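Below are the chains, spelled out letter by letter.
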Amino acid sequence: MLEHVPGWLGALLRDVRAGHDKLVVAHEGVVATDERIELKSTAFQDRQRLPVRFTADGEGVSPPLMWGDVPPGTRSLVLIVEDPDAPTPQPLVHAVVVNMPDDQRELREGAIAADGDGDGGGEDVGRNSYLSKGWLPPDPPTGHGEHDYVFQLFALDVVPDFKPNSGRGDLLTAISNHVVGTGLLVGTYSRDASQSVQSESGDAIGAAVA
């Protein structure tokens, strides 16, 4: 991964983005229904800026999420959070959660965290794009402009046999042709090239591509 991108390079790469058309929700065969699930957060409104607390400039914990009723026939739920504005070939994955039961209706603040290898019998936090388990805090390059962080919740008509520490590819394979409802929530975050992000000691923090 590209890390510690200086502001001038972030600005130069401003138009280099993975693309919203590469999000999991946009993949052919993933969503074949108009059934929508209301997905929201008490921490931010749809298409509004993420509070610093949930980013690399703050505590870096995952935000609280909750959702409404799921369609009939739902047997399990999965969540993936992607940044389609990252200057990378594919959207950057910030979180994967699989094997949520059909009656689950929330993920509390900080719930998307490393949870061991999982036992395959319940909710399991998978791998993000840095190949670690848990929430990858938004950390966009300075000067690159606004990034969307797209929370995608999928209701499935199956209970997939996910292996422990599943990633984006595992999720995509498992949900194709099995989605019966979809919830979307978008948070945004950016760093202004004219500003430096300072640590408590006063030292500039390098902006990573995330």
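Right above here is the structure, for reference.
Criteria and thresholds
- Residues numbered from 1 in each chain as written.
- Predicted model: local features only at pLDDT ≥ 70, side-chain atom pairs only at ≥ 80, totals over all residues.
- Heavy atoms only, no water.
- Pairing = 2+ DSSP bridges.
- Helix = DSSP H or I, 4+ residues; strand = E, 2+ residues; numbered from the N terminus.
- Contact = heavy atoms within 4.5 Å.
- Axes fitted to C-alpha atoms, helices over the stretch in contact; angles between N-to-C directions.
- Salt bridge = Lys/Arg side-chain N within 4 Å of Asp/Glu carboxyl O.
- Buried < 20%, exposed > 50% of the residue type's maximum accessible area, 1.4 Å probe, protein only.
- Core = buried A, V, L, I, M, F, W, Y, C linked by side-chain atoms within 4.5 Å.
- Polar contact = N/O pair within 3.5 Å; in protein donor to acceptor, adjacent residues only side chain to side chain.

1. Focus: the sheet that holds strand S9 (residues 179–189)
Reading across from one edge, S2-S9-S8-S4-S5-S7 is the order of the six strands in this open sheet, with mixed pairing throughout. In this open sheet, the two edge strands, each paired with only one partner strand, are strand S2 (48–49) and strand S7 (124–125). In terms of strand pairing, S2 meets S9 through two bridges, oriented parallel. Bridge pairing in S9 links arginine 49 to threonine 188. This element, helix H2 (residues 168–175), spans strand S4 (76–83), strand S5 (92–101), strand S8 (147–156) and S9 of the sheet and lies at about 135° to S4.

2. Things to note about the pattern of salt bridges
Counted according to the given criterion, the structure contains 11 salt bridges. Close ionic contact of aspartate 57 with arginine 191 constitutes a salt bridge, the shortest N to O distance being 2.6 Å. Of this pair, aspartate 57 sits in the loop between S2 and strand S3 (65–67) while arginine 191 sits in the segment after S9, and the two are 134 residues apart along the sequence. Taking the relative accessible area as the measure of exposure, aspartate 57 reaches 24% and is therefore partly exposed. In this structure, aspartate 170 engages lysine 163 in a salt bridge whose closest nitrogen and oxygen atoms are separated by 3.7 Å. Taken together, the salt bridges that share partners define one network made up of Arg53, Glu59 and Glu109.

3. Some remarks on the sheet that holds S3
The antiparallel open sheet is built from three strands, whose spatial order is S1-S3-S6. What marks the edges here is a single partner per strand, and that holds for strand S1 (39–40) and strand S6 (106–107). Summarising the sheet, S3 and S6 pair through two bridges and their orientation is antiparallel. Considered in S6, the bridge of leucine 65 is made with leucine 107.

4. Examining the nonpolar core
Membership of the largest hydrophobic core comes to 24 residues, with the highest contact counts inside it found for Trp67, Leu79 and Phe151. For this core, the secondary structure elements donating two or more residues are S3, S4, S5, S8 and S9. A total of four residues in this core trace back to one element, the largest contributor, which is S8. With sequence-adjacent residues up to four places away left out, tryptophan 67 is seen in contact with Ile37, Glu38, Leu39, Leu77, Met100, Gln104, Arg105, Glu106, Leu107 and Leu153. The next biggest cluster of nonpolar side chains, apart from the first, holds 15 residues, and it includes Val30, Ile80, Val96 and Ala174.

5. Here we look at the side chain of glutamate 82
With respect to the element layout, glutamate 82 can be found in strand S4. Only 2.9 Å separates the side chain of glutamate 82 from the backbone nitrogen of valine 24, close enough to count as a polar contact. Among the polar contacts made by the side chain of glutamate 82, one reaches the side chain of glutamine 152 at a distance of 2.9 Å.

6. So, the side chain of aspartate 139
Positionally, aspartate 139 belongs in the loop between S7 and S8. Under the relative-accessibility criterion, aspartate 139 is labelled buried at 12%. A polar contact of 2.7 Å, which involves the side chain of aspartate 139, links it to the side chain of arginine 191.

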